[in-house]
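Fold and geometry: a report
Residues per chain, in single letters:
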Amino acid sequence: MRIFAWAATLAALALLSASGCGYLPSEMTIPGKEKAPPPHARITGKPQVVSCATPAQGFRQIPFDSLYTFTGSESQPFQEKTSIPMQYDVLAYVWGSERCAPSAFCRRGDYYYLIGRGPGNDFQTWVVTPQYPRMIIQSPCDEQLRIGHRYRFSFSRGKLVGFSPVR
């Protein structure tokens, strides 16, 4: 009987230690530190500041990859450019999402990871690594934003001001 209790305890500990929180390593890892901070500690998303029913604004569209500079560094392979327009539209896929934990004190909604493209535009075979640029937004629009769907996102002064599905 004790063997079964020990086995159950070890299995529970293995599940707890193996289960991830869904965060992406590049946002959560502090260079030079071995342990990652708790979830949401470093995730910052571009917040949504308008209603979920607000469509994309029709600003000048720019390519997703033009938002980033590729550094060639293994620890931080890309970073957002400092010289992006004040207002712009970008086409992106919703790659994944993470619920905002109540302990994170976030009032702007859940986190969504946006990615520009994938190999052969086949969402099922995309492999996302820290070397692949992505944008994080924070939005309460979980009814409208679907993983694997493409949208036109409008940003003004670093904030999400509307989005529309791309058909």
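The structure contained in this document is the topic of the report that follows. (Residues numbered from 1 in each chain as written. Predicted model: local features only at pLDDT ≥ 70, side-chain atom pairs only at ≥ 80, totals over all residues. Heavy atoms only, no water.)

1. Describing unusual backbone geometry
In the Ramachandran plot, Arg157 falls in the positive-phi region, its phi being about 50 degrees despite a non-glycine side chain. Tracing the sequence through the fold places Arg157 in the loop between strand 7 (150-156) and strand 8 (159-165). (Helix = DSSP H or I, 4+ residues; strand = E, 2+ residues; numbered from the N terminus.)

2. Here we look at the side chain of Ser164
Mapped onto the secondary structure, Ser164 falls in strand 8. Among the polar contacts made by the side chain of Ser164, one reaches the main-chain amide nitrogen of Ala56 at a distance of 2.8 Å. The residues touching Ser164, leaving out its near neighbours within four places in the chain, are Pro55, Ala56, Tyr151 and Arg152. (Polar contact = N/O pair within 3.5 Å; in protein donor to acceptor, adjacent residues only side chain to side chain. Contact = heavy atoms within 4.5 Å.)

3. Quick look at the nonpolar core
One finds Val90, Leu114, Met135, Ile137, Leu145, Phe153 and Phe155 to be the most contacted residues of the largest nonpolar core, which totals 20 residues. Going through the elements one at a time, strand 4 (87-98), strand 5 (110-115), strand 6 (134-139), strand 7 and strand 8 are the ones with two or more residues in this core. Broken down by element, the residue count for this core peaks at four residues, all from strand 4. Look past the residues within four positions of Leu114 in its chain and what remains in contact with it is Phe64, Ala92, Tyr93, Val94, Pro133, Arg134, Met135, Ile137 and Phe153. (Core = buried A, V, L, I, M, F, W, Y, C linked by side-chain atoms within 4.5 Å. Buried < 20%, exposed > 50% of the residue type's maximum accessible area, 1.4 Å probe, protein only.)

4. Considering the pairing of strand 5
Of all the six residues making up strand 5, six are buried; the element is thus mostly covered by neighbouring parts of the structure. The alternating pattern of strand 5 places Asp110, Tyr112 and Leu114 on one face and Tyr111, Tyr113 and Ile115 on the opposite face, and all of these are buried. Relative to strand 6, strand 5 is paired through six bridges, and the arrangement is antiparallel. For Leu114, the partnering residue across the bridge sits in strand 6 and is Met135. (Pairing = 2+ DSSP bridges.)

5. Here's the deal with the environment of Val50
On the secondary structure map, Val50 appears in the loop between strand 1 (46-47) and strand 2 (68-70). The class for Val50 is partly exposed, based on a relative accessible area of 32%. The sequence separation of Val50 and Ser139 amounts to 89 residues, and the corresponding C-alpha distance is 9.5 Å.

6. What to know about the pattern of salt bridges
Taken as a whole and judged by the stated rule, the model has four salt bridges. For Lys46, the salt bridge identified is with Glu80, shortest N-O distance 3.0 Å. Taken together, the residues Lys46 in strand 1 and Glu80 in strand 3 (residues 78-80) connect sequence positions 34 residues apart. A salt bridge links Arg99 to Asp110; the shortest N-O distance between them is 2.4 Å. Highlighted residues: Arg99 in the loop between strand 4 and strand 5 and Asp110 in strand 5, separated in sequence by 11 residues. When its relative accessible area of 57% is taken as the criterion, Arg99 is described as exposed. Classification of Asp110 by relative accessible area gives buried; the value is 11%. Beyond isolated ion pairs, a larger network of salt bridges with shared partners links Arg99, Asp110 and Asp142. (Salt bridge = Lys/Arg side-chain N within 4 Å of Asp/Glu carboxyl O.)

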